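Chain by chain, the residues:
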Amino acid sequence: MQFQRLSSYSFAFIILLTAITACVSPSNPKLAAPEKECEQAPYSVPLYVRGSFNDWMSETHPKYEMDLNCETSEYTVAIDIPPLKEGGKYAFKVADEDWGPSTTFSVPEGDEPLIELDSPKALTTVKGPDVLTEAGGKLLFTLDATNPSEPTVKVEPTDYIPEHPIFDVDRLLNSYQFENVVRDKEWKGTGNVSKVKQKGQVFWVHLDTGLKARIEVLSDKIVHMRHNDTNDYENDISYAVINRKFDTPTINFKEEQEYFAIKTAELDVEINKKPFRVHFKEKDGTVIHQDLGVYKHKTDERTYIIKKAKSLEGARYYGFGERSGFTTKKNGEAMRNWNKDAYGYSEHTDNLYSTIPFFIETNGKFFNGVFFDNSYQSYFNIEKYVEDEYFFGATDGEMDYYFIHGNDSKEVVEQYTELTGRMQMPPKWALGFHQCRYSYMSEQEIYDLARNFREKKIPLDTIYLDIHYMDSFKSFTVDKERFPNLKKMIKEHQDQGFTFISIIDPHIKIEEGYHVYDSGLTSCPQAKDNTCFVKAPDGSLAQGEVWPGDSVFPDYFRDDVIEWWGELYRELAVDVGIDGFWNDMGEPATFGGIKTLPLDTLITEPDQKTVSTHAKLHNVYGFSQLQATLDGLDKLRPDNRNYVLARAAYAGMQRTGAIWTGDNSSNWAHLKMNIPMGLNLGLSGISMVGADVGGFVGAPTPELFGRWMQLGLFFPVYRNHTALKSPPQEPWVFGEEIEKVSREAVELRYELFPLVYDLTYESHKTGLPHARPLFMENPEDLSVYDIDDQFHFGDALMVAAVVEEGATQRKVYFPKGKNWYTFRGNQKFEGGSTESFDVDIFSIPLFVKEGAIIPTQGVEQYYDELEVNPITFEVYPGAVGSQYEYTLYRDAEVKKEYLKGEYQELHITHQQSASNSQTLAFNFAHNNYTPPEKYMTFAFRDAQSAPRSVSLSVGSVDKVNGTDLPEDKNGFYYDSKTKVLYVRLLDEVLDNNTLNITY
Ligand code: MIG
């Protein structure tokens, strides 16, 4: 066993230096920068430090000085490097658009620090740290002020130790070093078990410390374990779990000499007596979870908790919510959960905007889910310091986790989402292509934008309004100069099929006369003083500085606040008619300091009476805002499927909205990361996910943009977005070729719309994501568990989008056990093989597993442009004897009638009964909606010869002369050139009918 010791402290800080244009930028006065202007330097506007120091572990932020030299057009920057103990290490990264290779320098005292750098465009010189000793040193560098790119300097530790500024460094570091933790006398285990008492499905474990643990067997496959220091288990406030009612498990409870055994039909739980441990076993006795114990470290203020476990042999770990990095698998990583405005994050950035403390452990044979339902700052350490062991913990609160046993990863995700909820059907337009930027600045820009999309025939459903539509960045106001006729503008575009989403920020500017601030001081009777905002411990309103200036923050879990907040949407949602909303900054993000509200800020719990600290509720703040928002919109527009896109989130957010992965960057690394990030969010229960297509920070090259349009189409949230000072990023600004690439990509998305919609319905029913890692669909092929650049879109399509710069070839691995086809082609590949394909800028390598059927339809410029748009199913031959099932879902698409049962579910079973015969069996599993389309067409691919017979069990199908299939009756023809057999069937003949084809 290898144990890597951290010999000393490691320090982390991230400094982002960003040159911005003054005219359109929200100012950031606290972070002072040279206010000088030089004539000859076009970017002689305040250089300012953003996103700074939030990873800094002490409360004293490093000092920096900046100056602008007008003669050389250079900024000189000096950053104080804080003390570093012997053996400590920094890794340096200095980069322009793409991150250069990092170099490290270590600091045995007196050593000459070594820094090697790329020569990034913007950076002219780098010096120092001049002397770097225990007392620290200075890092000096200069930046070219005439270079418009966003120079970024990062200083990161080589061993990344997640922590938070307020916590004692020593202890926190220890808590990440588990070996030290157990050796450290201050860390205490939970003792031995004296007895276990059963009360129905609940088992009370009495410990010799006088404390108890509570184990509830929720189902045959889900066990909920809680342990705290108060013995108070009355309150079970979970922000994530909404359902604890499962099929009643069969329980067999028995005391053995060394343990208590709880046996369900599917799982054995073993409560070891000395010491207290909770192991899980398969029915055949195989240990699938070996507990290594819960430990606690008590201080006057809090109890740190940790749980350690043995890894399954050959285990891989996935999920963990929103994670950067190039791999889906997270073995060897330490990950923190602390919602953070992570502007310009990189593959090394640890915690991002949301917290979903859930993961899947699998070795391809066993599939475990662990949901650690603790909202405090928490962390996972997956075999990072100790091989074959993992641990997770939090800086306070209960050890509260759910163990989920699944036969495969799908079953784990299904059960996790049964606990935490599943998505509602979004309005169908939410699944179209969306266009955004920070910000479209005027009505004229929107008119031009919309006209361009329609003229250039690039399908588009939704246009976003970012913060500049507001008056001075104040939520629920409109800038009357930029958008004097907002309602008319919206209406005129809605008439052309567009929908609108506008941004709302949680922070409310402190300004008398601003209706939200004013009403927020008087509208919430649950507070003695009627205020709706969260407070500091001394009773004053907690404040933070954000875009509009000093602001206050709603106490979103409170009923009166929910009422007040929801009503604020009336003007935009009802009068103006904005279709959907976009929640930003809900971490909650503020400028300066720890970049969020003080941790002692008081926030009300959902039970309406308990008041907790921001330290506890930080990670759920954005989720509380999201729930209040949805609640309000549902009251104002009860029939609408109200759609909200959010950034900050907690486990369970999938039931209230969609998520995007925040401020990514326009570089190839981020294009690649889009895949594992999206897949892990999906595995964590959130299907409605996407990254800013083209990248937010910076500017993509034409090629990168084109590739991103092609990748983005396979994630439900398909939105082009870019930053304030980034150049335009609409699909046509990169030249004709990329415009065409973009059009084709978006067209493919719209052709696949029925599939996208069906997958959304599947997620609504089961919690499974649209975009899935290969192992989810091919669990038996162990070689797919490490593939990060191919994935499944649904169960049948396999995407191998091109994510390498300058690629002329794309290698594709075909998972074992089945053959694969090129999408819409006849080319067949054997499972287990790797093929190399020639690609050009237009290529979107896409494959289908044999036997599958995939619905497509004609391109529309927006989701409901055509009244009637019939479906064509692609049907691929299967292995003889195989069967494939598909569910086609149809409903009225934007309203909630489906919840009243007004929808249609057509089940289609494709069978390859012999090498020369295929059948499609149809059955309306639910038939309470009549789509406008009266027929559907089936394109049987790779049909080697003209069919000898095409027949229905009930009714007839006639061969047509030529290639025009009739609209009013069943018919077929065979295209011998492409080897495709086309069959058209009327909807009215489908129910309980079978199509038989013999070749
Ligand atoms: O820090 O509203 O992630 O999508 O365009 C800037 C302006 C605040 C951050 C979001 C980004 C959005 C931007 N916002």
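It should be noted that the structure appears before, not after, this text.
Throughout this document, residue positions are counted from 1 along each chain, in the order its sequence is written. Under the rules for a predicted model, residues below a pLDDT of 70 receive no local features and side-chain atom pairs below 80 are neither given nor counted, while totals for whole chains, interfaces and linings still include all residues. In computing side-chain values, all of the structure's heavy atoms are included and hydrogens and water are not.

Undergrad: Please clarify how the overall build of the protein should be interpreted in this entry.
TA: Under the DSSP-based scheme used, a helix requires at least four consecutive residues in state H or I and a strand at least two consecutive residues in state E, with every element numbered from the N terminus. A tally of helices and strands in the protein yields 14 helices and 62 strands. Relative accessibility thresholds used throughout: buried, under 20% of the residue-type maximum; exposed, over 50%; partly exposed, between the two (1.4 Å probe, protein chains only). Counting all 999 residues of the protein, 65% fall into the buried class. Expressed as a percentage of contacts within the protein between residues at least 6 apart in sequence, the contacts between residues at least 24 apart total 69%. Residues count as neighbours in contact if any of their non-hydrogen atoms are within 4.5 Å of one another.

Undergrad: I would appreciate a short explanation of the sheet that holds strand β57 (residues 935-940) in the present structure.
TA: Sheet strands associate in pairs through backbone hydrogen bonding, adopting either a parallel or an antiparallel arrangement. Across the sheet, which stays open at both edges, the 6 strands sit in the order β52-β53-β57-β61-β60-β59 with mixed pairing between neighbours. Single-partner strands in this sheet number two, and they are β52 (853-857) and β59 (958-959). The criterion for strand pairing is that DSSP finds at least two bridges linking the strands in question. Summarising the sheet, strand β53 (residues 871-875) and β57 pair through 5 bridges and their orientation is parallel. Looking at β57, one finds that Ile871 is bridged to Met936. Axis angles are defined between N-to-C directions and span 0 to 180 degrees, where every axis is a line fitted to C-alpha atoms and, for a helix, only to the segment in contact. Of the strands in this sheet, β52 and β53 touch helix α13 (residues 753-766), which is tilted by about 120° from β52.

Undergrad: I'm lost on the site of the ligand in this one. Help?
TA: In the region of the ligand, 14 residues are neighbours, and Asp466, Asp584, Arg647, Asp663 and His721 sit closest. One of the side-chain nitrogen or oxygen atoms of Arg647 is found 2.8 Å away from an oxygen atom of the ligand. Counting of polar contacts relies on pairs of N or O atoms within 3.5 Å, with two restrictions inside protein: one atom must be capable of donating a hydrogen and the other of accepting it, and residues adjacent in sequence are counted only when both atoms are side-chain atoms. In this structure, Asp663 approaches the ligand through a side-chain N or O atom, which is 2.5 Å from an oxygen atom. Out of a free accessible area of 350 Å², the ligand has 99% covered by protein chains. Across the shell around the ligand, the residue classes break down as 8 nonpolar, 1 polar and 5 charged. Whether a residue is near a molecule or strand is decided by its heavy atoms; if any one of them lies within 4 Å of it, the residue is near. Note on areas: Shrake-Rupley, 1.4 Å probe, and residue coverage restricted to the protein chains presented here. Amino acids outside the nonpolar list (Ala, Val, Leu, Ile, Met, Phe, Trp, Tyr, Cys, Pro) and the charged list (Asp, Glu, Lys, Arg) are all regarded as polar, and Gly is one of them.

Undergrad: What should I look at first to understand the state of the cysteines in this one?
TA: In protein structure, a disulfide is the covalent linkage between the sulfur atoms of two cysteines. Working definition: a disulfide is two cysteine sulfur atoms within 2.5 Å of each other. As enumerated under the stated definition, the model contains 1 disulfide in all. A disulfide bridge connects Cys524 with Cys532, and the sulfur atoms are separated by 2.0 Å. Sign of the S-S torsion, about 95° for the bond between Cys524 and Cys532, identifies this disulfide as right-handed. Among the residues examined, Cys524 registers a relative accessible area of 0% and is labelled buried. We classify Cys532 as buried; its relative accessible area is 0%.

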